[in-house]
Amino acid sequence: MELLRVPRNEVAVRILLDDGRTLDGSLFTAATGHDGRPARVLDHLNDSTEEFFPVACGEDRFVLNKAGVITVTVAGGEEQVGEPELYADPGHEVPVRMTLTGGISLIGKLPIAMPRERSRVVDYLNSAPRFVPLLGSGQVTLVQRGYIVSVRGEERRPT
């Protein structure tokens, strides 16, 4: 029945699974989150009350277990990360090179919004939820912390 249907948003994503497969499809989020604004992919993946999430790849519809997801990349996507929480330090972006299980290397910026006394990358990663956003050029990659092997500062060299 259409009356009982839950309104949702469809967000185009690329999902990297722990078995090496890459899925191009759509992830579904609620039209409205807990705060009344549209729900974000990051919030959906970090919701600790749900271990599975719905995905569409072409005509195929199924659910994925979050435990088997290494990354979820959203083109554009900064609205899927949201505004940093308000602390004494409103936040900063730290350029990093992140190495993941299997030798995958990602370059981007970690948006760190933490109290001044705990604003190092190590503090952020130790207190972050299951998925952390890595801001890239024209995309946001949500990385599952359990698959992060190392994080190094990434110095931008002039070209």
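These lines cover the structure that appears in this document, whether it is placed above or below. (Residues numbered from 1 in each chain as written. Predicted model: local features only at pLDDT ≥ 70, side-chain atom pairs only at ≥ 80, totals over all residues. Heavy atoms only, no water.)

This part takes up the pattern of salt bridges. Under the defined criterion, the tally for this structure stands at five salt bridges. D43 is the partner of R40 in a salt bridge, and the nearest nitrogen-oxygen pair spans 2.6 Å. Of the charged contacts in the structure, one is a salt bridge between E51 and R130, with a shortest N-O distance of 3.3 Å. Of this pair, E51 sits in the loop between α1 (41-45) and β3 (52-57) while R130 is found in the loop between α2 (121-127) and β8 (131-136), placing the two residues 79 residues apart along the sequence. The class for E51 is partly exposed, based on a relative accessible area of 36%. Overall, R130 belongs to the partly exposed group, its relative accessible area being 27%. (Salt bridge = Lys/Arg side-chain N within 4 Å of Asp/Glu carboxyl O. Helix = DSSP H or I, 4+ residues; strand = E, 2+ residues; numbered from the N terminus. Buried < 20%, exposed > 50% of the residue type's maximum accessible area, 1.4 Å probe, protein only.)

Here we take up the pairing of β8. A large share of β8 lies buried, amounting to five of its six residues. Bridge analysis of β8 against strand β9 (residues 139-144) gives six bridges, and the strand direction is antiparallel. Pairing of L135 across the sheet is with V140, part of β9. Linkage of β8 to β9, two consecutive antiparallel strands, is achieved through a turn of two residues, within which G138 is found at a positive phi near 75°. (Pairing = 2+ DSSP bridges.)

In short, shape yes, function no, at least from these values alone.
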